[in-house]
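Architecture at a glance
Chain by chain, the residues run as shown.
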Amino acid sequence: MQFQHPEILYFLFLLVIPILVHLFQLRKFKTEYFTNVKFLKELALQTRKSSKLKKYLLLATRMLLLAFLILAFAKPFFKAKDHKDATNELYIVLDNSFSMQAKGKKGELLKRAVQDLLEHTPENANFSLITCSDNYWNTDIKSIQKELQNLKYSASPFQLEQLLAKIKAHKSAFRKDIVVITDAVGLQPNEVKKSTEDENLYFILPEAEKTNNIAIDSVFINQTLDNFYEIGVKLDAYGDDFKDIPIALYNKNKLIAKTLVNFETKSKVVNFTIPKEDFHGYVSISDTSLEYDNTYYFSLSKPQKSNVISIGDAEKSGFLNRIYTASEFNYSNYSLQSLDYNLLDKQDAIVLNELKEIPQALQTTLKSFVEKGGNVVVIPSAESALTNMNGLLATIGGIQYKALGSAEKMITKINFSHPLFSSVFEKKVTNFQYPKTKVSFEISNSAPMVLGYSDQSAFLSAIQNGIASVYVFAAPINTTNSNFQNSPIIVPTFYNMGQNAQKAGITALIIGENKPFVVETKIGKDEIVTVKNDQESFIPMQQILNNKVKITCNDNPKMAGNFGVFNTNQLIENISFNYNRTESNLANANPEAVSDFKEISNVNSIFDTLQANRADNQIWKWFLILTLLFVALEILIQKYVK
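Here we summarise the structure given alongside this text. Keep in mind that this is a model prediction, so the values were computed, not measured. (Residues numbered from 1 in each chain as written. Predicted model: local features only at pLDDT ≥ 70, side-chain atom pairs only at ≥ 80, totals over all residues. Heavy atoms only, no water.)

Quick notes on the packing of aromatic side chains
The test is simple: Stacked, tilted and edge-to-face are the three classes assigned to paired rings of Phe, Tyr and Trp, where Trp is represented by its six-membered ring and a pair needs centres within 6.5 Å; plane angles under 30 degrees give stacked, over 60 edge-to-face, the rest tilted. Geometrically, a lysine NZ or arginine CZ counts as sitting over a ring once it is within 6 Å of the ring centre and also within 35 degrees of the ring normal.
Throughout the structure, instances matching the rule amount to 23 aromatic pairs. An aromatic cluster is defined as three or more aromatic residues linked by ring pairs; in this entry it consists of Phe319, Tyr453, Phe459, Phe473, Phe484 and Phe494. Of note, lysine 276 hangs over the ring of tyrosine 229, and the distance from its end group to the ring centre comes to 5.7 Å. The ring of tyrosine 453 carries the charged tip of lysine 409 above its face, separated from the ring centre by 4.9 Å.

Here's what the structure looks like:
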């Protein structure tokens with residue numbers, strides 16, 4: 001037992017007062033008996049014995065009364081088991097990612113969690129609330145009531161490790177209690193274990209009743225026809241026993257196609273044919289589970305001719321004329337001596353075809369060209385100066401050539417999942433006619449292999465920076481060294497390397513991925529471009545690149561949809577944004593990841609649990625009650641004991 005005010009105990013010396021009073025009352029007096037009262041002597045002796053007992057009872061009662069009163073004012077208590085954590089600061093991490101749209105026993109998981117916080121958080125409780133999208137430091141439930149009621153789902157997926165790091169970075173003189181409210185979708189054990197030892201971690205794990213869900217994963221160009229695009233819509237089904245669902249395609253909110261989808265497999269591709277015109281719309285499905293992944297927004301521009309220049313010997317570049325036809329490309333070839341550098345900035349792709357040496361001025365121009373979103377294709381010459389070539393590649397791609405080998409190699413590997421071939425093959429091909437090379441360089445890099453030799457080394461590698469690609473061949477492909485020009489695969493390879501993805505592909509950015517986007521417009525130094533639609537508007541990060549502007553949207557916009565890029569009030573280009581689909585698989589809930597930590601059943605238990613474990617057992621009230629009892633006992637003794 002301990003005391004909050006131990007100095008009060010000095011007043012226990014006052015217990016001598018009732019003792020002194022008692023001793024004073026016990027002083028002996030000489031008694032004289034008169035004849036007329038002598039017959040009362042026996043009665044007086046009996047009364048004196050009774051009075052003596054009363055005085056002892058009163059003495060004990062008064063001493064205990066005074067002792068308990070002093071102890072009550074000293075406020076005795078027993079320390080709680082976790083009394084050291086009584087001053088801890090409370091942090092509540094609320095998962096508002098899209099997986100919390102799932103329905104539990106009492107409705108949507110996020111809405112239920114918010115309602116519990118509003119109903120069961122004490123008004124005088126001070127805490128900090130951290131969500132995937134917002135932070136509220138050192139607040140109380142009344143101050144953030146409106147914000148909680150209007151809390152939206154976050155486009156950013158729930159990443160506990162980052163949120164814990166944010167709390168750790170919030171400096172405080174006290175230890176921290178962290179309560180995490182999440183459905184644990186995608187939660188990994190290593191994320192939780194990285195929490196510091198100075199923090200007490202608790203979890204509330206609401207559970208979805210049904211984990212079935214269908215999501216639109218992506219939209220892509222499946223095939224390019226003369227006057228039409230065949231686009232593919234990839235759907236993923238998570239769970240079991242799915243019924244046919246409707247899928248609809250809209251252009252500028254106008255319905256242009258609709259069909260039913262049945263799921264014989266977990267993944268399904270639905271094809272639509274649309275004209276080769278500007279498309280600015282979305283595809284949607286009707287699914288009773290998560291809503292956020294039922295719509296996929298995308299934009300598709302009317303085909304424009306891509307500008308391609310090849311630099312090298314005209315005779316060796318003749319095969320490019322047959323690939324880059326006038327109907328789809330503005331193609332021209334220049335020797336190194338006749339090249340006009342002013343033309344390079346207007347191109348979509350530049351092919352360096354077997355140059356023995358690349359001037360420093362051209363290297364600098366190519367580096368700037370890649371940064372602005374242009375593709376570069378490097379075909380080495382057997383006589384290339386390695387130091388010179390590697391100097392260029394170090395600045396634009398990080399790939400390095402090693403010594404020239406004279407062994408003949410077969411080209412047998414195709415990376416079917418690479419974006420260069422994403423719309424080329426309907427299925428994996430294993431029996432095509434393998435081209436070969438007589439001499440080749442070994443390539444040192446960590447870039448993805450697009451085409452490979454039978455010995456697993458790379459024949460064609462690619463490095464992408466988000467808006468441009470650098471393609472590097474390991475060997476010359478002239479007819480003397482290789483029969484690659486006679487292989488059918490050369491056409492889609494060079495065709496796609498020469499295309500500007502933004503001119504010929506689907507524009508559908510993922511919110512939060514920070515992928516740069518280049519728009520062709522000329523603006524002044526004091527001018528800016530704006531991204532907006534009817535519901536939202538924001539100014540992205542932007543970099544002026546001569547007649548282009550590179551924009552980066554970071555975590556904007558907040559809501560998926562079709563947007564336009566505007567220079568003042570003039571529309572420059574259409575652009576679309578979608579939510580990341582990482583939250584779509586509800587079966588990824590992993591409550592075992594937090595099995596080493598204490599789980600709390602509901603919000604109400606947060607405060608009950610913490611208070612029960614940390615509140616000292618105050619017993620001064622019992623001493624005060626005993627004081628009152630002895631006051632009553634003294635009154636009874638005075639009244640009934642003679």
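The rest of the description comes next.
Details of the packing of helix α8 (residues 360–371) against helix α9 (residues 386–396)
In a pair of packed helices, the angle between the axes and the distance between the axes together describe the arrangement. Test applied: Lines fitted to C-alpha atoms define the axes here, with helix axes fitted over just the stretch in contact, and angles between the N-to-C directions of these axes take values from 0 to 180 degrees. Per the convention used, a helix needs a DSSP run of H or I reaching at least four residues, while a strand needs a run of E reaching at least two, with both numbered from the N terminus. We call two directions roughly parallel when the angle between them is under 35 degrees, roughly antiparallel when it is over 145, roughly perpendicular when it lies between 65 and 115, and oblique otherwise. In this scheme, a crossing is called left-handed if the near helix is turned counterclockwise away from the far one by less than a right angle; it is called right-handed if the turn is clockwise. Every residue pair with non-hydrogen atoms within 4.5 Å of one another is taken to be in contact.
At a minimum axis separation of 9 Å, α8 and α9 run at an interaxial angle of 25°. Put simply, α8 runs roughly parallel to α9. Of the two elements, α8 crosses α9, and the hand of that crossing is right-handed. Here α8 contributes Gln363, Leu366, Lys367 and Val370 to the contact with α9, which in turn contributes Asn388, Gly391, Leu392, Thr395 and Ile396.

Points about the sheet that holds strand β15 (residues 279–285)
Sheet strands pair via backbone hydrogen bonds, and the direction of the pair is either parallel or antiparallel. Which entries qualify depends on this criterion: Any two strands with at least two DSSP bridges between them are considered paired.
Read across the open sheet, the five strands follow the order β13-β12-β15-β16-β28; overall the sheet is antiparallel. The sheet is open, and its two edges are formed by β13 (254–261) and β28 (506–507), each paired on a single side. Two elements, strand β12 (residues 245–251) and β13, share seven bridges in a ladder whose sense is antiparallel. From the neighbouring strand, alanine 248 faces β13, where its bridge partner is lysine 258.

Quick notes on the pattern of salt bridges
The condition that has to hold: In the sections that follow, a salt bridge refers to a side-chain nitrogen of Lys or Arg positioned within 4 Å of a carboxyl oxygen of Asp or Glu. Exposed residues in this analysis have more than 50% of their type's maximum accessible area, buried residues have under 20%, and partly exposed residues fall in between, with area computed by a 1.4 Å probe over protein chains only.
All told, the structure shown has twelve salt bridges when counted by the stated rule. Residue lysine 266 is joined to aspartate 240 by a salt bridge in which the shortest nitrogen-to-oxygen separation is 3.3 Å. One end of the pair, lysine 266, is in the loop between β13 and β14 (267–275); the other, aspartate 240, is in the loop between β11 (228–238) and β12, and 26 residues separate them in sequence. A relative accessible area of 55% places aspartate 240 in the exposed class. Lysine 356 is paired through a salt bridge with glutamate 383; the nearest N and O atoms lie 2.9 Å apart. Here lysine 356 is found in the loop between β19 (349–353) and α8, whereas its partner glutamate 383 is found in the loop between β20 (375–379) and α9, with 27 residues between them in sequence.

Brief notes about empty space enclosed by the protein
What counts is decided by this rule: A cavity here means a set of 1 Å grid points, computed over protein atoms only, where a 1.4 Å probe fits but cannot escape. A pocket is an open set with protein on both sides within 12 Å along at least 5 of 7 lines, and lining residues have an atom within 4 Å of a point. Grid points are joined across faces, edges and corners, and a volume is the space filled by probe spheres set on the points. Side-chain classes are defined by residue name, with Ala, Val, Leu, Ile, Met, Phe, Trp, Tyr, Cys and Pro counting as nonpolar, Asp, Glu, Lys and Arg as charged, and the others, Gly among them, as polar.
Following the criterion strictly, the structure yields two cavities of 30 Å³ or more and no others. Residue lining of the largest cavity: Leu509, Ile510, Ile511, Gly512, Glu513, Asn514, Lys515, Cys553, Asn554, Asn556 and Phe577, and that is the complete set. Residues belonging to the lining of the largest cavity are distributed by class as follows: five nonpolar, four polar and two charged. The computed volume of the second largest cavity comes to approximately 30 Å³. Lining the second largest cavity are Phe98, Ser154, Ala155, Ser156, Pro157, Asn580, Thr582 and Glu583. Partitioning the lining of the second largest cavity into residue classes produces three nonpolar, four polar and one charged.

Topic: the sheet that holds strand β32 (residues 537–538)
Read from one edge of the open sheet, five strands run β29-β36-β35-β31-β32, paired in mixed fashion. In this open sheet, the two strands that pair with only one neighbour each are β29 (509–510) and β32. Strand direction decides the pairing type here: strand β35 (residues 561–567) and strand β36 (residues 570–578), joined by seven bridges, are antiparallel. In the strand pairing of β36, asparagine 562 is matched with serine 576.

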